[in-house]
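So you can see what is in the structure, the chains are spelled out below.
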Amino acid sequence: MNILCIGAHSDDIEIGAGGTILALLAQPRPVRVHWIVFSASPQRAQEARASAAEFLTGADAALIEVEDMRDGFFPAEFLRVKERFEVLKQASRPDLILTHTRDDHHQDHRCLAELTWNTFRKHLILGYEIPKYDPDLGNPNLFMPLSSEVAERKVAALMRHFKTQHARGWFTPETFHALMRLRGLQAAAQSGMAEAFHGPKLWLC
């Protein structure tokens, strides 16, 4: 299974889909992951690489890339971001793409979501959610139940690796547990924990 993980900032993939990635890598089939973060300062880039390496432990193969696009200015740097996606299209043949949702109010997140859908037209794309001040969580239509152990591993790794974010009022274990608990309720997950995704186009095989 080939997975392409796309995040605007250094903690986005882990917040939105970290538990799902841990759960998929715990299964017996081989998984190869291409993990790309588009914006990170030098300090945050170090955090991103260390965190990705932990989340991808057990992957059959892992490629971690961290770019230096200007945080908050992706629409203004559209040509550069678009060119990076063209390279991704040639280098990746993913079975699953995990990225931001098109309804995300953050301009960087939304830009990547739109380019993902424009670039990969015959792929399974799931949009993960990022809790923040904007009222954009919406109603996801696909859920990944998580064991209590995986949920705890996700939160612990987030708090351990992203120390630059600890001053932010929302970057707390309670925030991450709360969202997984709410989605676990909606998914009727046995553990009470889940991550949720927006899948605008799904196939039954």
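Since we're looking at a predicted model, the values are computed, not measured.

Here we come to the packing of helix α1 (residues 12-25) against helix α5 (residues 148-161). How two helices sit against one another is set out by the angle between their axes and by the gap between those axes. Packing of α1 against α5 brings their axes to within 9 Å, and their N-to-C directions diverge by 135 degrees. It follows from the interaxial angle that α1 and α5 lie oblique. Two packed elements cross with a definite hand, and for α1 against α5 that hand is right-handed. Here α1 contributes E14, I15, G18, G19 and L22 to the contact with α5, which in turn contributes V150, R153, K154 and L158. Broken down by class, the residue content of the contact of α1 with α5 amounts to 4 nonpolar, 2 polar and 3 charged.

This next bit is on the pattern of salt bridges. Applying the stated criterion to the full structure yields 14 salt bridges. A salt bridge links E65 to R84; its shortest N-O distance comes to 2.9 Å. With E65 in strand β3 (residues 61-66) and R84 in helix α3 (residues 78-91), this pair connects stretches of sequence that are 19 residues apart. A salt bridge links E86 to K89; its shortest N-O distance comes to 3.2 Å. In this pair, E86 and K89 both sit in helix α3, 3 residues apart, roughly one turn of the helix.

Next up on the list: the pairing of strand β1 (residues 2-9). Counting buried positions along β1 gives 7 out of 8 residues, so the element sits mostly inside the fold. By the bridge criterion, 7 bridges tie β1 to strand β2 (residues 32-39) in an arrangement that is parallel. Within β2, the position partnered with I6 by the bridge is I36. Read from β1 through α1 to β2, the crossover connection turns out right-handed. Note that β1 and strand β4 (residues 96-100) share 3 bridges and pair parallel. Across the sheet, residue L4 finds its bridge partner in β4, namely I97.

Let's shift gears to the state of the cysteines. Applying the stated rule across the entire model yields 0 disulfides. The thiol of C5 is not disulfide-bonded; the next cysteine sulfur, from C111, is found 19 Å away. Look at C111 and you get buried, because its relative accessible area is 9%.

So, about the packing of aromatic side chains. In the structure shown here, the tally under the stated rule is 5 aromatic pairs. Arranged with centres 5.5 Å apart and planes meeting at 65 degrees, the rings of W170 and F171 form a pair that is edge-to-face. Note on W170: relative accessible area 19%, which makes it buried. Classification of F171 as buried rests on a relative accessible area of 1%. Taken together, a centroid distance of 5.1 Å and an interplanar angle of 85 degrees make the contact between F171 and F176 edge-to-face. Grouped by ring-pair contacts, the aromatic residues F38, F74 and F85 constitute a single cluster. Positioned over the ring face of W117 is R102, at 4.5 Å from the centre of the ring.

In this section: the environment of S92. Within the secondary structure, S92 sits in the loop between α3 and β4. Put simply, S92 and W117 are 25 residues apart on the chain and 14 Å apart in space, counted from C-alpha to C-alpha. Here S92 is in contact with L4, H34 and F120, once residues within four sequence places are set aside. Only 3.1 Å separates the side chain of S92 from the side chain of H34, close enough to count as a polar contact.

In this section: helix α2 (residues 42-55). Residues spaced three or four apart along an α-helix face the same direction, because each turn holds 3.6 residues. With 14 residues, α2 ought to run about 20 Å at 1.5 Å a step, and its terminal C-alpha atoms sit 20 Å apart, in line with that. Residues of α2 that are buried include every one of R44, A45, E47, A48, S51, A52 and F55, and no others. Buried residues of α2, seen end-on, are gathered within an arc of 160 degrees and therefore sit on one face of the element. For α2, exposure combined with an orientation more than 90 degrees from the buried face picks out P42, Q43 and Q46.

The rules behind these values
- Residues numbered from 1 in each chain as written.
- Predicted model: local features only at pLDDT ≥ 70, side-chain atom pairs only at ≥ 80, totals over all residues.
- Heavy atoms only, no water.
- Axes fitted to C-alpha atoms, helices over the stretch in contact; angles between N-to-C directions.
- Helix = DSSP H or I, 4+ residues; strand = E, 2+ residues; numbered from the N terminus.
- Parallel < 35°, antiparallel > 145°, perpendicular 65-115°, else oblique.
- Left-handed = near helix turned anticlockwise from the far one by under 90°.
- Contact = heavy atoms within 4.5 Å.
- Nonpolar A, V, L, I, M, F, W, Y, C, P; charged D, E, K, R; others polar.
- Salt bridge = Lys/Arg side-chain N within 4 Å of Asp/Glu carboxyl O.
- Buried < 20%, exposed > 50% of the residue type's maximum accessible area, 1.4 Å probe, protein only.
- Pairing = 2+ DSSP bridges.
- Right-handed = clockwise from strand over helix to strand, strands pointing away.
- Disulfide = S-S within 2.5 Å.
- Phe/Tyr/Trp six-rings, centres within 6.5 Å; stacked < 30°, edge-to-face > 60°.
- Lys NZ or Arg CZ within 6 Å of the ring centre and 35° of its normal.
- Polar contact = N/O pair within 3.5 Å; in protein donor to acceptor, adjacent residues only side chain to side chain.
- Expected span 1.5 Å × (residues − 1).
- Arc of directions from axis to C-beta.

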